[in-house]
Amino acid sequence: MRWLRPLVRRRWCVLALPALLSVVVAAGLMSISILPHPAFHDEFSYLLAGQTFASGRLTNPSHPHWEHFETFQVLSQPTYMSKYPPAQGLALAMGIWIDDTPIVGVWLMTAFACAAIGWALLAVLPRRWALLGGLLSAMHPLVLQWNNSYWGGSIALGAGALLIGSAIRLNRGIDGRNAAIFAVAIAILANARPYEGLVLTLLVGFPLLISILRRPTQRTLLLRRALPVVAAILLLNFVWMGVYNHAVTGSVWRLPYVEYESQYAITPPLVILPPPDEKSYRHPVMEVYYRQWEWPQYEKQNQLAELPGAFLEKAVAAMRQLIRGAGDWSDERVPAAVNLMRLGIAIPLLALPWTLIRRRLVRRAMGLAMIFLAFSFLALWFFPHYAAPIGIVLLAIHVMLLRELWAMGVAMRWVVRLVLACHVIDAASALVVIRDDLINPRLVARVQLDTELRSDPHPWLVIMDRPGVPIAHLEWIFNGPDLLHNQVIYARSMGVDRDAALIRFARGQGRRIGRITTDGIIARWEELH
C-alpha cells in the first residue's frame with residue numbers, strides 16, 4: 001500500500017480525499033448524463049419535504065379538495081407534508097438553496113458520509129488503511145446509487161460512522177469534543193432513521209456506559225465533561241423534533257410517520273407487532289398497494305415459525321446487494337466477465353474465520369453488525385439504506401480483512417491488489433447502470449408531459465383516471481408544496497360530481513384542465529374545455 005503513504009502525511013487528507021472523490025464522481029456522471037428524476041414513492045415524498053423546507057416552511061396547508069391529492073408516503077391531513085423524518089428533506093433543501101438543484105444536497109451528504117467513515121476508521125486503523133476504507137466507501141455501488149437518487153442512505157451512513165467513531169474514542173478517554181460528536185450523531189439518526197438509529201445507539205451506548213462506569217477516574221470525567229454536552233445537544237434536538245411534529249401533526253409527541261401509518265397502513269411497522277385497525281380507502285390504487293402488496297408480505301412473516309425463513313431471505317438479499325452492487329446479475333448492460341470480477345470483492349471473506357479467532361475487534365464488530373441487522377430484519381421490508389447506520393462496521397470488517405491478507409506476505413498482497421481492482425471495476429459497471437437508470441423508462445410519459453405543461457404560461461390541473469386494476473408502483477399523483485399556486489398539479493379522479501367541484505375551483509384560479517387516462521404505463525391525454 002505504498003501508493004497511499006504520500007496521501008496520508010496529513011491527517012485531514014484521510015477525511016478530505018474520500019469526500020472529494022465522491023463529489024468528483026457525482027459531478028463527472030452528471031456532466032455526461034442528466035439529473036436524476038424521482039421514480040419511487042419515497043423519492044417524491046422526500047422531494048416534497050425538501051421543497052417545503054427550501055420555501056421556509058415546516059409544512060403546508062391542505063388543499064380545500066385534499067381528497068383528490070391523497071398519495072403514497074405523503075400526509076394530506078392535518079397538513080400536507082412528507083411522512084418521513086426531516087433529515088433527507090433538509091439535505092435536499094440545502095441543494096435547492098445552493099444551486100436550485102436538490103441532488104446537490106445529496107452529493108454533499110454523501111461527501112460528509114465518506115469523510116465521516118475515514119474519521120471513524122482512524123480510531124482503529126493506521127492512516128493509509130483508514131484512507132483506503134474511505135475511498136472504497138465513495139466507490140461502493142450502493143453509495144453511488146444513494147448519491148444519484150432522492151431515497152436517502154448517505155445521511156444515516158455518515159451519522160453511524162460518527163456515532164461509532166466517537167464511541168471508540170470515548171471508551172479510551174472522555175473528552176467534550178467526542179461527547180459532542182456522539183450526541184450530534186444520535187440527533188442526526190433520530191431525524192434520519194429513528195428506529196435503526198435507536199437500535200444502534202443502544203447497542204453502542206449501553207456497553208460504552210458500562211465500560212466507563214467501571215473506571216472511577218472516567219466516571220468523574222463523564223459527569224463533568226460528557227454528560228452536560230450530550231444532554232444539551234439532545235435537549236435541543238428533542239425541542240426541534242417537538243416543534244416539527246407539532247407543525248405537521250398538531251402534536252409534539254406524534255411523528256408524521258406515525259400519523260400517516262395510522263391513516264393508511266393495515267400492517268404494523270414491525271412484523272412481530274399485531275396489525276392495526278382496518279382501513280377504508282378512497283382510491284383503488286392505494287387499496288391495491290396496501291392490500292395486495294403490503295398485507296401478503298406481513299402475513300408470511302407475522303408467525304414466529306416464519307421469522308427464521310424471513311430473516312434468511314432478507315440476509316441473502318442484503319449480501320447480494322453488498323456484493324452485486326448496481327444492476328442484476330442478468331443485466332445485459334454488465335458483461336459476464338465483469339460480473340465474475342465483481343465476485344472478487346468477496347475474497348477477503350476467506351480470511352474471516354481465523355481473523356475472528358485472532359482479532360477481538362473483528363469479533364465485536366461482527367457481533368454488533370449481526371445484532372443490528374437482526375433488529376433491522378424485523379421491519380416489514382428490508383432495503384439496503386435501512387442498514388446504512390451500520391455501514392461503517394461492515395466496511396471496517398472488510399478493510400481489516402484486507403489488512404490481514406496484506407500481512408501474510410507477497411503472494412497475498414497480490415490478492416489484495418486484485419480485490420481492489422475488482423472494486424474499481426464494480427464501481428465503473430455500477431456507474432454505467434446508474435447513468436441509464438437516472439430516469440425510469442416507465443415514467444418517461446409523466447416527465448415529458450410535466451415538462452411541456454410547465455412551459456405553458458397558464459397553470460394546469462391534471463386529473464388522473466386509472467380504470468381497471470391500477471399498478472400501485474407507477475404513480476403520477478405527486479405535487480410540489482404549494483397546491484394552490486403550483487404551475488402544474490396532479491389530482492385523482494373521484495367520479496363525475498366530485499371532479500366537477502374540483503374543476504370549478506381550479507377554473508376559478510385560472511387553470512386549464514387536462515385529463516389523463518392511464519393504466520400506469522400507457523397514457524391518453526385530453527384537454528377539457
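Bear in mind the structure is a predicted one, so any value in this text is a computation, not a measurement.

(A) The overall build of the chain, seen in detail. Of the regular secondary structure elements, the chain holds 20 helices and six strands. The C-alpha radius of gyration computed for the chain amounts to 25 Å, which stays within 12% of the reference 24 Å derived for 529 residues, consistent with globular compactness. Viewed in the frame of its principal axes, the chain has a C-alpha envelope of about 80 × 55 × 50 Å. Here the chain holds 529 residues, and the buried ones make up 54% of them. Restricting the contact set of the chain to residue pairs at least 6 apart, pairs at least 24 apart contribute 74%. Carbon and sulfur atoms make up 65% of the accessible area of the chain, which totals about 23800 Å². A gap of 19 Å separates the mean positions of the 49 positive and 35 negative side-chain charges of the chain.

(B) Inspection of helix α7 (residues 154-172) at higher detail. Helix length check: α7 (19 residues) gives 28 Å between terminal C-alpha atoms against 27 Å at 1.5 Å per residue, within 8%. Across the 19 residues that make up α7, a large majority, 16, are buried.

(C) Spotlight on empty space enclosed by the protein. Taken as a whole, this structure holds two cavities of 30 Å³ or more when the rule is applied. Taken as a whole, the largest cavity encloses approximately 110 Å³ of empty space. Lining the largest cavity we find 13 residues, and of these Tyr46, Gln88, Gly153, Ala192 and Arg193 sit closest to its centre. Secondary structure elements with two or more residues in the lining of the largest cavity: α3 (87-99), α7 and α8 (176-192). Tallied by class, residues from the lining of the largest cavity come to seven nonpolar, five polar and one charged. If you add up the space inside the second largest cavity, you get close to 50 Å³. In this structure, the second largest cavity is lined by Phe44, Leu48, Phe69, Thr71, Val74, Tyr80, Ile477, Phe478 and Asn479. Residues belonging to the lining of the second largest cavity are distributed by class as follows: seven nonpolar, two polar and no charged.

(D) Structural detail: the packing of aromatic side chains. What the rule picks out here adds up to 19 aromatic pairs. Their ring planes at 15 degrees and their centres at 5.2 Å tell us that Trp293 and Trp381 sit as a pair that is stacked. One end of the pair, Trp293, is in helix α12 (residues 284-299); the other, Trp381, is in the loop between α16 (360-376) and α17 (391-406), and 88 residues separate them in sequence. Looking at Trp381, the relative accessible area reads 18%, which means it is buried. Centre to centre, the rings of Phe377 and Phe382 are 5.0 Å apart; their planes meet at 85 degrees, and the pair counts as edge-to-face. A network of ring pairs unites the aromatic residues Phe40, Trp151, Phe311, Phe377, Phe382, Phe383 and Tyr386 as a single cluster. Over the face of the ring belonging to Trp119 we find Arg169, whose NZ or CZ atom lies 3.9 Å from the ring centre. Stacked on the ring of Trp414, the Lys or Arg Arg417 has its end atom at 4.6 Å from the ring centre.

(E) Structural detail: unusual backbone geometry. Put simply, Gln77 and Pro78 share a cis peptide bond, and its omega is 5 degrees. If you trace the backbone, Pro78 turns up in the loop between β1 (74-75) and β2 (81-82). For Gln73, which is not glycine, the phi dihedral falls at a positive 60 degrees. With respect to the helices, strands and loops of the structure, Gln73 is situated in the loop between α2 (41-54) and β1. Overall, Gln73 belongs to the buried group, its relative accessible area being 4%. Residues other than glycine seldom take positive phi values, yet Asp100 does so here, at roughly 55 degrees. Looking at the element boundaries, Asp100 is found in the loop between α3 and α4 (102-121). Judged by relative accessible area, which is 61%, Asp100 ranks as exposed.

(F) Geometry of the state of the cysteines. Tallied over the full model, the rule gives zero disulfides. Looking at Cys114, it has no disulfide partner, and the nearest cysteine sulfur is the one in Cys13, 16 Å off. The buried category is assigned to Cys114, whose relative accessible area is 0%.

(G) Structural detail: the environment of Ser211. Mapped onto the secondary structure, Ser211 falls in helix α9 (residues 194-213). You can call Ser211 partly exposed: its relative accessible area is 21%. Considered as a pair, Ser211 and Ala26 are 185 residues apart in the sequence and their alpha carbons are 41 Å apart.

(H) Representation of the sheet that holds strand β4 (residues 488-492) within the structure. Strand order in the open sheet made by the four strands is β4-β3-β5-β6, with mixed pairing throughout. The open sheet has two free edges, formed respectively by β4 and β6 (523-528), since each of these has just one partner strand. This sheet shows a mean twist of 25 degrees between the axes of neighbouring strands, independent of strand direction. Sheet contacts for helix α19 (residues 444-454): β3 (460-465), β4, β5 (512-518) and β6; angle to β4, the most-contacted strand, approximately 130 degrees.

(I) Representation of the side chain of Asp456 in the model. For Asp456, the location among the structural elements is in the loop between α19 and β3. Within polar-contact distance, the side chain of Asp456 engages the side chain of Arg512 at 2.7 Å. Leaving out residues up to four positions away in the same chain, Asp456 has contacts with Gln487 and Arg512.

(J) Up close: the packing of helix α5 (residues 127-139) against helix α18 (residues 410-436). At their nearest, the axes of α5 and α18 sit 9 Å apart, and the two run at 30 degrees to each other. Regarding the angle of α5 to α18, the classification is roughly parallel. Contacts between α5 and α18 involve Leu132, Leu136 and Met139 on the former and, on the latter, Leu420, His423, Val424 and Ala427. Taken together, the residues of the contact of α5 with α18 break down into six nonpolar, one polar and no charged.

Conventions used here
Within each chain, residue numbers correspond to sequence positions counted from 1 in written order. A pLDDT threshold of at least 70 governs which residues receive local features in this predicted model, and a stricter bar of 80 or more applies before side-chain atom pairs are shown or counted, although totals over entire chains, interfaces and linings include all residues. Values reported for side chains reflect all heavy atoms of the structure, with hydrogen atoms and water molecules removed beforehand. Starting at the N terminus, helices and strands are each numbered in turn, a helix being any DSSP run of H or I of at least four residues and a strand any DSSP run of E of at least two. Our radius of gyration looks at C-alpha atoms and nothing else; its globule reference is 2.2 Å times the residue count to the power 0.38. Here the term buried applies to any residue with accessible area under 20% of the maximum for its type, exposed to any over 50%, and partly exposed to those in between, with areas from a 1.4 Å probe on protein chains only. Two residues qualify as a contact provided that any one of their heavy atoms is within 4.5 Å of a heavy atom in the partner residue. Per-residue and other accessible areas were derived by the Shrake-Rupley procedure at a 1.4 Å probe size, with only the shown protein chains allowed to occlude residues. Note on charges: Lys and Arg go in the positive column, Asp and Glu in the negative column, and His and the chain ends are not counted at all. To locate a charge, take NZ of a lysine, CZ of an arginine, CG of an aspartate or CD of a glutamate. To estimate the expected span of a helix, count its residues, drop one, and scale the result by 1.5 Å. Of the two site types, the cavity is a set of points on a 1 Å grid over the protein atoms alone where a 1.4 Å probe fits but cannot get out, and the pocket is an open set with protein on both sides within 12 Å along at least five of seven lines, each lined by residues with an atom within 4 Å of a point. Grid points are joined across faces, edges and corners, and a volume is the space filled by probe spheres set on the points. Only Asp, Glu, Lys and Arg are considered charged, only Ala, Val, Leu, Ile, Met, Phe, Trp, Tyr, Cys and Pro nonpolar, and every remaining residue, Gly among them, polar. Pairing of aromatic rings covers Phe, Tyr and Trp, the last through its six-membered ring, and needs centres within 6.5 Å; plane angles under 30 degrees mean stacked, over 60 mean edge-to-face, and all others mean tilted. Two conditions define a charge sitting above a ring: the NZ of Lys or the CZ of Arg must be within 6 Å of the ring centre, and it must be within 35 degrees of the ring normal. Criterion for a disulfide: a pair of cysteine sulfur atoms at a distance within 2.5 Å. By the convention used here, strands pair only if DSSP detects at least 2 bridges between them. Under this scheme, a helix contributes an axis fitted over its contacting stretch, all axes are lines through C-alpha atoms, and angles between N-to-C directions fall in the 0 to 180 degree range. We define a polar contact as two N or O atoms separated by no more than 3.5 Å, with the added condition that, inside protein, one atom must be a possible hydrogen donor and the other a possible acceptor, whereas residues neighbouring each other in sequence contribute only through side-chain atom pairs. With respect to orientation, any angle under 35 degrees is reported as roughly parallel, any angle over 145 as roughly antiparallel, any angle of 65 to 115 as roughly perpendicular, and every other angle as oblique.

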